[in-house]
Amino acid sequence: MPHTPYAAVDLGASSGRVMTAQVTRDTLTLTESHRFPNRPVRTGDGLHWDILSLYAGVLDGLRKAGQIRSVGIDSWAVDHGLLDADGALLGNPFHYRDTRTDHVAEKVWSAVPPTDLYATTGIQYAPFNTLYQLAAARGTAQLAAAKSLLLIPDLLTYWLTGRQGTELTNASTTQLIDPGTGDWAYGIAERAGIDLGLLPPLRRPGDPAGDLLPHVLAETGLTGPVPVTTVASHDTASAVAAVPATTPHFAYICTGTWSLAGLELDAPVRSEASRAANFTNELGIDGTVRYLRNIMGLWLLQECQRAWQETEVTPLLDAAAASAPLRSVVDAGHTDFLAPGDMPDRIAAACRATGQPEPRTRAETTRCILDSLALAHRRAITDAARLADREVDVVHIVGGGARNALLCQLTADACGLPVVAGPAEAAALGNVLVQARADGVVGDRGAMRQLLASTQPLTRYEPRGDRSAWASAEARVATS
């Protein structure tokens with residue numbers, strides 16, 4: 001019988017949501033209680049998250065959810081808040097797209113060469129990794145005053161419960177965790193001059209994180225006690241936990257602002273070939289490794305929509321479907337596309353630089369983006385399977401991009417593999433399933449996935465056409 005629902009706080013780069021779920025051993029229903037915007041704010045010292053607004057959205061969502069059995073929080077990775085000795089926040093957290101980390105990596109590498117970093121942490125290079133953010137903050141008054149560092153979900157959990165901890169799946173993205181041991185990479189931190197004493201003890205998905213504080217109960221109208229459960233607090237880790245796979249030979253693509261494409265493994269792959277291919281080994285539930293590559297994802301289209309002042313995506317996708325395929329493609333993982341602003345012009349410039357036709361219309365630009373994403377998905381899955389020595393017979397697309405039928409079909413065409421799309425709210429589902437498992441309602445990881453496969457709407461896309469056109473397009477990107 002359904003009981004008091006679980007609540008998932010799921011924070012994305014453009015919006016946050018509070019979802020509630022009724023879970024039994026054979027039923028799973030998810031309902032959105034509240035959605036709120038996530039609007040970064042640029043101040044004189046850089047680009048920040050408006051963390052107080054996000055926290056207010058969380059409280060509003062819990063109030064609208066009504067009585068809940070427990071709550072878990074997931075969000076994007078790497079970003080964090082610094083707290084003083086009294087536990088007060090020392091300023092709004094920086095946004096990972098802020099430019100203060102530009103060229104910081106080279107300074108870190110002078111103390112810890114990238115080969116050493118990868119051999120220990122298995123984390124791909126990205127300029128916004130927490131390691132580089134802390135290196136960029138060295139010598140600042142804020143870091144000097146800091147007594148603790150909390151990743152974004154841990155910060156919100158602290159405000160709800162008054163208890164500090166560091167959730168492991170999110171900590172694994174900092175480039176300060178050894179994925180083989182599941183513990184801090186103490187030698188790397190020491191060589192890089194990072195004080196691991198700032199980070200509270202590690203927690204794992206399923207661990208209790210405390211109960212809602214009295215003033216939180218009063219603010220939300222909830223009756224206590226209401227426990228907060230540690231979930232896989234990196235949203236991709238929660239999303240991968242919600243992949244409805246029924247066979248072991250699957251690849252996944254978590255799509256949204258980013259596309260995270262890869263495999264679920266039992267052990268990290270930290271070879272030099274893996275480092276050169278820029279794959280990352282992040283941790284998932286049950287000690288699994290999320291072996292994946294970061295791709296810019298639908299951020300490219302979102303930024304074009306912002307430039308065009310176009311709020312509706314369906315007309316763009318319909319026009320793109322009618323446009324010539326693979327006319328122009330770009331490297332969807334290139335850091336040239338990381339910063340906000342002028343995305344249509346940057347895409348056109350990338351096409352021009354590689355001798356390809358520049359997109360002339362919004363439809364052509366949209367088709368270029370979707371073709372490029374499908375091509376990047378193909379490269380990531382092919383490379384991951386080769387480097388991990390794994391077979392892949394199906395690709396699961398979860399997250400917001402699962403609703404994009406054109407992208408799903410193009411990915412199937414590019415990979416030459418069937419694509420199963422859904423669930424779209426994978427991060428929230430993974431969040432509540434970890435809570436339900438900690439509560440004894442559902443079983444192991446396999447049982448969680450069987451429940452998802454039997455209860456969630458899924459769409460299957462079979463590959464079409466000749467893959468040689470994709471191979472030709474891949475050669476164009478390889479020469480860029």
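Preceding this section is the structure that the text describes.
So, here is what we can say about the structure in this document. (Residues numbered from 1 in each chain as written. Predicted model: local features only at pLDDT ≥ 70, side-chain atom pairs only at ≥ 80, totals over all residues. Heavy atoms only, no water.)

Focus: the overall build of the chain
Point 1. When helices and strands are counted, the chain shows 19 helices and 21 strands.
Point 2. Here the chain has a C-alpha radius of gyration of 21 Å; the compact-globule value for 480 residues is 23 Å, and the two agree.
Point 3. Dimensions of the chain, computed from C-alpha atoms along their principal axes, come out at roughly 60 × 55 × 45 Å.
Point 4. Looking at the chain residue by residue over its 480 residues, the buried ones come to 59%.
Point 5. Summarising the internal contacts of the chain: among those between residues at least 6 apart in sequence, 73% fall at separations of at least 24.
Point 6. For the chain, the exposed surface amounts to about 18100 Å²; the carbon and sulfur share of it is 51%.
Point 7. A gap of 2 Å separates the mean positions of the 40 positive and 51 negative side-chain charges of the chain. (Helix = DSSP H or I, 4+ residues; strand = E, 2+ residues; numbered from the N terminus. Rg over C-alpha atoms; globule rule 2.2 N^0.38 Å. Buried < 20%, exposed > 50% of the residue type's maximum accessible area, 1.4 Å probe, protein only. Contact = heavy atoms within 4.5 Å. Areas by Shrake-Rupley, 256 points an atom, 1.4 Å probe, with all protein chains shown as cover. Lys, Arg positive; Asp, Glu negative; His and termini not counted. Charge placed at Lys NZ, Arg CZ, Asp CG, Glu CD.)

A short note on the pairing of strand β19 (residues 394-399)
Point 1. Among the 6 residues of β19, 6 are classified as buried, and the element is accordingly described as predominantly covered.
Point 2. As paired strands, strand β15 (residues 250-255) and β19 are joined by 6 bridges and run parallel to one another. Looking at the pairing, Y252 lines up with H396 of β19.
Point 3. In the sheet, β19 pairs with strand β20 (residues 419-421) via 3 bridges, with the strands oriented parallel. Bridge pairing links I397 to A421 in β20.
Point 4. The parallel pair β19 and β20 is bridged by helix α16 (residues 405-415), and the resulting crossover is right-handed. (Pairing = 2+ DSSP bridges. Right-handed = clockwise from strand over helix to strand, strands pointing away.)

A look at unusual backbone geometry
Point 1. With an omega of 0°, the peptide bond running from G224 to P225 counts as cis.
Point 2. Position of P225 relative to the elements: it lies in the loop between α9 (214-220) and β14 (227-229).
Point 3. In this model, D342 sits at a positive phi of 55°, which is unusual for a non-glycine residue.
Point 4. Looking at the element boundaries, D342 is found in the loop between α13 (314-321) and α14 (343-353).

Focus on the packing of α13 against helix α15 (residues 362-388)
Point 1. Put simply, α13 and α15 touch, their axes get as near as 8 Å, and they point 80° apart. As the angle between them shows, α13 and α15 are arranged roughly perpendicular. Note on element contacts: α15 touches α13 through R362, A363, T366, R367 and L370, opposite L316, L317, A319, A320 and A321.
Point 2. A per-class count over the contact of α13 with α15 returns 7 nonpolar, 1 polar and 2 charged. (Axes fitted to C-alpha atoms, helices over the stretch in contact; angles between N-to-C directions. Parallel < 35°, antiparallel > 145°, perpendicular 65-115°, else oblique. Nonpolar A, V, L, I, M, F, W, Y, C, P; charged D, E, K, R; others polar.)

What about helix α1 (residues 51-65)?
Point 1. Under the 1.5 Å per step criterion, the end-to-end length of α1 is 21 Å for 15 residues, consistent within 8% with the ideal 21 Å.
Point 2. Every buried residue of α1 is accounted for by I51, L54, Y55, G57, V58, L59, G61, L62 and A65.
Point 3. Just downstream of α1 lies G66, where phi reads positive at about 80°. (Expected span 1.5 Å × (residues − 1).)

Structural notes on the environment of I194
Point 1. Examined against the element boundaries, I194 turns out to sit in the loop between α8 (186-192) and β12 (202-203).
Point 2. With relative accessibility at 11%, the residue I194 sits in the buried group.
Point 3. As a C-alpha pair, I194 and L131 span 63 residues in sequence and 7.8 Å in three-dimensional space.
Point 4. Not counting residues within four places of it along the chain, the set of residues in contact with I194 comprises L131, L134, A135, R138, L176 and A189.

Topic: the nonpolar core
Point 1. In terms of nonpolar packing, the biggest core is built from 167 residues, with V23, L62, L212, Y291, L300 and I347 touching the most fellow members.
Point 2. With 13 residues, α15 is the single largest residue contributor to this core.
Point 3. Residue contacts for V23: discarding those within four places in its chain leaves H3, Y6, L28, L433, A436, V441, V442 and L451. (Core = buried A, V, L, I, M, F, W, Y, C linked by side-chain atoms within 4.5 Å.)

By themselves these figures say nothing about function.
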